[in-house]
Every structure is written in structure tokens, then in C-alpha cells.
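In case you want the letters, here they are:
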Amino acid sequence: MTQKEDILQLPISFKNIRLIRLNLPQKEQFVSGIGVRNSREALIIEWEDIHGVKGYGECSCRPDPYYSDEFIEGAIALVDQFIVPFLVTNQTFGDLLKLLDKIRGWNFTKAAVEMAALQVIEKNTGKSPFELLQNKPLDHVPVGISLGLYTELDRMKKVVKNALETGYKRLKFKISPNVRIDFFEEINPMLFAADTYVSFDANGSFGENDLEIFNYFANTYQSMIEQPFAPNRFDVLLKAKKENPDVYICYDEEIKSIGDLMKLHHLGLLDEVNLKVGRVGGVMKSIEIIQYCAEHNIPCWIGGMFETGIGRTLNLRMASYLPNARAHDLSPSDRYFLEDIVQPNIEMNNGMVAMQSLQNCEIQSNLIDKYTIDQKTLEATC
Ligand code: OSB
Ligand code: MG
């Protein structure tokens, strides 16, 4: 059995890191409680070892600090000033984690560096931290879709009909205090007729004066509401729970570490977890969280940040170790982009992604070049 110590001992050499900023056109506009998005700015981290082996990680924070306190320009500065100067030609994976752990916060950035290094390690040794998870991974991973806020009823109807027909295992609707409830009233017959699970995600947009709308969603659907209140607005959370003890809350933004998770669990406030590998700081941290959730029967699934195929492949692999999850927010490539940067693209059939289909999924350098808006290479200094 692989122990954590065995993984920490694995060697990882370092020659340089290339920071690649991409801008990928989206298929359609996406609106949420956070803001409006027409294209996906992505930051890819390429780690090259001293033998020329390359690994890729994706930093999936937004270009602005409106989902988390990280943003792409900040991530670049962090890698440049506080990560690369401390990397040496030869270190262990454990040494790298120590260096990253010393930095407070910046989880998406640290996760991207860890991911790139892990890809190099796996190419060189065939070993990965996934060996620490004892269960056999799923061959097929169930997928849900995250739908934005709509300002036109006809458009919303079309999108919902299409999502149901495509076979998604869950429909998650973005909501905010000024969401069009009348639109939901119109599409409810369609939602209730389908046996697809429906959930909601407020991205922390509800305040203490918005509980009426919050309760509409909690009571009408009696299903999961993701991050209704801003992280740490414990006062509002308690008020909502007191008014409506049966609400079922899934946390996203609120959980950045296993400590956050344990705190909510100990307080009896934790119903379900959206685990984003980047938000909690990477693969090793995610594995710890998955193990804690499994031990305590806490439902847990993998969330997305509209990653390119790079980050999404890793997310799907993580999801394959969660046999009890209803669905993960990991839609296929063509849901998001006019063109993804991996080949073959990530495909879904009947709401499932076949893990086998990801085996040869590789980053395409011609597509990277096509969508790069800026890049820089940082060399080892010692
Ligand atoms: O709240 O889950 C969220 C995307 C960006 C920022 C926050 C969120 C999301 C999603 C996208 O819901 C899910 C996906 O990648 O399909
Ligand atoms: Mg969310």
C-alpha cells in the first residue's frame, strides 16, 4: 500500500516554469452572481524538468478577485516572486509542498504549480498521489451542467430543454437576489416532469434581507442550494437555518481547507461539499478532504471553474474516486469553448464521461500558440 511518505519522497527536478496566459472564446455568454463572462482567460503553468520532461497545471482563478481573492495577474506575481526563486534543481515533492504551504492563501496558484509538478513526476516514475485513495476509480463519471442567469425566458427554456435532452445528471441554476422567479415558475413544469436532479448556486449573493427569495428556492424544490451567503457570513447563515431548519446547503467558496470543512461539520451545518481542487490548494489537500468526507459520510462532488481540458482532466480523475456522487460540474469541452486546447476533446455520452477516453488527452501546442495573449519563462536561479 502506498503511504503518503512514499509520495512525498518522489524526486522532482526543475529547469524552468513557463506561464502562459490564454484567452479562449466561449460558445456563449455566461452570467452568474459574480459577473458576466464572454471568454475564458486561463493561466497554464508549464513545468520543465532538467531532462526536458514537461508537465502542465491550470490556475483556474478568475482574472478578477470576485470569486476568490486570487486573480490571474496576482497569480503570475506570486509564482515569479515567491515560488520560482525558492525552487532548486533537485528537490522532492515533499520539499515543493513545504515551500507552497509556507505561502498563506493563493490556493488556485499553488494547486496549479503542484499539478504541473505531479504531471512531470507521473511521467518520470508512473507514481501519483491518487494511489493514496484505496477505492477503485469509476470507469464512467456522471456529469451535471451549471446554467447561468437568464434575462430572456425563451432562451432559458431552450437551454433547459436542451440540457435535459442531452442527458446531464444534474441541472444547476445560478441564482441571485434579483433572479427572475417568474421565469422559474414558467419552466417548473418541465423541471418537475423530468427526473433529473435540480440544484441552485447563489455564489454568496444572498444577504440577510433576501431570505424570502432564498426560501422560495429552498421550499419549492427542497433540493441543494450552493453557497447562498457570502463566505464567513455566519450570522446570515444561522438566521436562514433558524427560519428554515430544513434547508440543504452545499458549500463552495466557504471551504478553502480541511479546517473550514471540519469546522462546519462539527457545528452541524455541513450538508454537502462542492470540492474544487484549485480552491483547496491542490491534489494532496483534495485527497485529505475526500478521505474525511468518506469517513464521515459527507456527500462530496467535484466542482469546476470553466477549466480548459487541462484542469478538467484532473478534475475528472479526482471525480472518478467519488463513487457516491450524483454528478460533478464537469461538462464536456464543447459546452464551454469554440475550441478546447486538448485533443481529443473531452466528450460526454448520456451524461457520462468515459475515463478511458481521457487516456490520450494531450495539450496541443499549436492551439496554445493560437490563443496565447502573453507568456513568460522563469528560469531556476539556484
Ligand atoms: O460557483 O461553481 C461555481 C464557475 C466559475 C466560478 C464559480 C463557479 C463556476 C461554475 C462552473 O459553476 C462549473 C463548471 O465548470 O461547469
Ligand atoms: Mg459554486
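Residues numbered from 1 in each chain as written. Chains lettered and ligands numbered in written order. Predicted model: local features only at pLDDT ≥ 70, side-chain atom pairs only at ≥ 80, totals over all residues. Heavy atoms only, no water.

**Student:** Please explain the overall build of the chain as it appears in this structure.
**Tutor:** From N to C terminus, the chain includes 13 helices and 17 strands. In terms of overall dimensions, the chain is globule-like: its C-alpha atoms have a radius of gyration of 20 Å, near the 21 Å expected for 382 residues. Taking the principal axes of its C-alpha atoms as reference, the chain extends roughly 60 × 45 × 40 Å. Here the chain, with 382 residues, has 57% of them falling under the buried criterion. Nonlocal contacts in the chain, meaning residues at least 24 apart in sequence, comprise 75% of its contacts between residues at least 6 apart. On the chain, roughly 16,700 Å² of surface is accessible, and the fraction owed to carbon and sulfur atoms is 48%. Measuring between centres, the 40 positive side-chain charges of the chain sit 1 Å from its 52 negative side-chain charges. (Helix = DSSP H or I, 4+ residues; strand = E, 2+ residues; numbered from the N terminus. Rg over C-alpha atoms; globule rule 2.2 N^0.38 Å. Buried < 20%, exposed > 50% of the residue type's maximum accessible area, 1.4 Å probe, protein only. Contact = heavy atoms within 4.5 Å. Areas by Shrake-Rupley, 256 points an atom, 1.4 Å probe, with all protein chains shown as cover. Lys, Arg positive; Asp, Glu negative; His and termini not counted. Charge placed at Lys NZ, Arg CZ, Asp CG, Glu CD.)

**Student:** Explain the environment of Arg326 to me, please; I cannot follow it from the model alone.
**Tutor:** Tracing the backbone shows Arg326 in the loop between helix 11 (309-319) and helix 12 (333-336). Under the relative-accessibility criterion, Arg326 is labelled partly exposed at 42%. For the pair Arg326 and Lys169, spaced 157 residues apart in the sequence, the C-alpha separation amounts to 7.1 Å. Apart from the residues within four sequence positions on either side, Arg326 is in contact with Pro142, Lys169 and Tyr197.

**Student:** Just to check I follow, could you spell out the pattern of salt bridges for this structure?
**Tutor:** Where charged atoms of side chains with opposite charge meet at close range, the side chains can pair. Going through the model one piece at a time under the given rule, you end up with 25 salt bridges. With a shortest N-O distance of 3.1 Å, Glu226 and Lys172 are connected by a salt bridge. Of this pair, Glu226 sits in strand 10 (residues 224-226) while Lys172 sits in strand 8 (residues 170-174), and the two are 54 residues apart along the sequence. Across the pair Lys370 and Glu339 runs a salt bridge whose closest N-O atoms are separated by 2.9 Å. Highlighted residues: Lys370 in helix 13 (residues 365-371) and Glu339 in the loop between helix 12 and strand 14 (342-343), separated in sequence by 31 residues. Given the relative accessible area of 52%, Lys370 is considered exposed. Residue Glu339 is classed as partly exposed on the basis of its relative accessible area of 27%. (Salt bridge = Lys/Arg side-chain N within 4 Å of Asp/Glu carboxyl O.)

**Student:** Honestly, the packing of helix 3 (residues 93-102) against helix 4 (residues 107-125) in this entry has me stumped. Any pointers?
**Tutor:** Geometrically, a packed helix pair is captured by the angle between its two axes and the distance between the axes. Following both chains from N to C, one finds helix 3 and helix 4 inclined at 175 degrees, their axes separated by 11 Å at the closest point. In this view, helix 3 runs roughly antiparallel relative to helix 4, as classed from their interaxial angle. The segment helix 3 lies against helix 4, with Phe93, Leu96, Leu97 and Leu100 engaging Lys110, Val113, Glu114, Ala117, Leu118 and Ile121. In terms of residue class, the contact of helix 3 with helix 4 is built from 8 nonpolar, no polar and 2 charged. (Axes fitted to C-alpha atoms, helices over the stretch in contact; angles between N-to-C directions. Parallel < 35°, antiparallel > 145°, perpendicular 65-115°, else oblique. Nonpolar A, V, L, I, M, F, W, Y, C, P; charged D, E, K, R; others polar.)

**Student:** Explain the side chain of Asn16 to me, please; I cannot follow it from the model alone.
**Tutor:** With respect to the secondary-structure elements, Asn16 resides in strand 2 (residues 16-31). The buried category is assigned to Asn16, whose relative accessible area is 5%. Contact partners of Asn16, with chain neighbours within four places excluded, come to Glu46, Trp47, Glu48, Thr377, Leu378 and Glu379.

**Student:** Even after reading the chapter, I still don't get the domain arrangement of the chain, so can you show me in this structure?
**Tutor:** The accessible area lost on association of the parts is a frequent measure of interface size. One can read the domain layout of the chain as domain 1 (4-128 + 366-379) and domain 2 (131-365). For domain 1 versus domain 2, the separation of C-alpha centres amounts to 23 Å. Taken together, the contacts link 43 residues of domain 1 with 42 residues of domain 2. Carbon and sulfur atoms supply 60% of the area that domain 1 and domain 2 bury against each other, a total of about 3,800 Å² over both sides. (Domains from an automatic or database assignment. Buried area = accessible area lost by both parts, 1.4 Å probe.)

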